[in-house]
Amino acid sequence: MNKITNKIDFEYVFTSNKEAISNKQRRDVPSILAVDALFVIKINNKLFFKEEIAILEFYKSLLKWTEITTDNQLEEFHYYTIEYDEYENGSLLSLVPYSDTQAGIKSIWSKSESLPLFNLDYIVTMFFDLERNLSRDIENYFNIDLNRFIQHIPYISRLGD
């Protein structure tokens, strides 16, 4: 059996200024959705995804996924945004397990024609690391406490919710 050796890198740059959100605005949904970052995914150093996204909404999707994913139960990850409602072709970003050892990522806004496969343990670890890094970087950059925001950040768990 061929060993899957694809490598993924996540990069993000906050495009909203540091004062775009404060702890006092934790219930202000329009302000929450206005906090953006340029989010980039590279696979084997080739561009796969590059879009400006509502980073707090994306973070909540990742957080919810990490809360329901365990060693024994891996759920698919799908990121939908309330800012874009044309999902006939799929989610903005998905992580889909294909077997006990493989998973793939896909996006309706992919810059690549191929659907890359990854070692399951590797890609799950990378997504968990992304959630932790985003949490830390969002809190540090905007000087906010994400725990105070989470319940107020809009979240679409699957199409139709």
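Refer to the structure above for everything that follows.
Okay, so let's go over this structure.

1. Focus: the environment of isoleucine 55
Here's step 1: Mapped onto the secondary structure, isoleucine 55 falls in helix 2 (residues 55-68).
Here's step 2: Apart from residues no more than four positions distant in its own chain, isoleucine 55 is found in contact with Phe14, Val35, Asp36, Ala37, Leu134 and Ile138.

2. Describing the packing of aromatic side chains
Here's step 1: Enumeration over the complete set of coordinates arrives at 15 aromatic pairs.
Here's step 2: Judged by centre distance (5.2 Å) and plane angle (85°), the rings of phenylalanine 10 and phenylalanine 127 are edge-to-face. Taken as a pair, phenylalanine 10 in strand 1 (residues 8-14) and phenylalanine 127 in helix 3 (residues 120-142) lie far apart in primary sequence, 117 residues in all.
Here's step 3: When its relative accessible area of 16% is taken as the criterion, phenylalanine 10 is described as buried.
Here's step 4: Considering the side-chain rings of tyrosine 12 and phenylalanine 14, the 5.9 Å spacing of their centres and the 55° angle between planes classify their relative orientation as tilted.
Here's step 5: Assessed through its relative accessible area of 13%, phenylalanine 14 is described here as buried.
Here's step 6: In textbook terms, an aromatic cluster arises when at least three aromatic residues are bridged by ring pairs, as seen for Phe10, Phe39, Phe49, Phe58, Trp65, Phe77, Tyr79, Phe127 and Phe128.

The rules behind these values
Residues numbered from 1 in each chain as written. Predicted model: local features only at pLDDT ≥ 70, side-chain atom pairs only at ≥ 80, totals over all residues. Heavy atoms only, no water. Helix = DSSP H or I, 4+ residues; strand = E, 2+ residues; numbered from the N terminus. Contact = heavy atoms within 4.5 Å. Phe/Tyr/Trp six-rings, centres within 6.5 Å; stacked < 30°, edge-to-face > 60°. Buried < 20%, exposed > 50% of the residue type's maximum accessible area, 1.4 Å probe, protein only.

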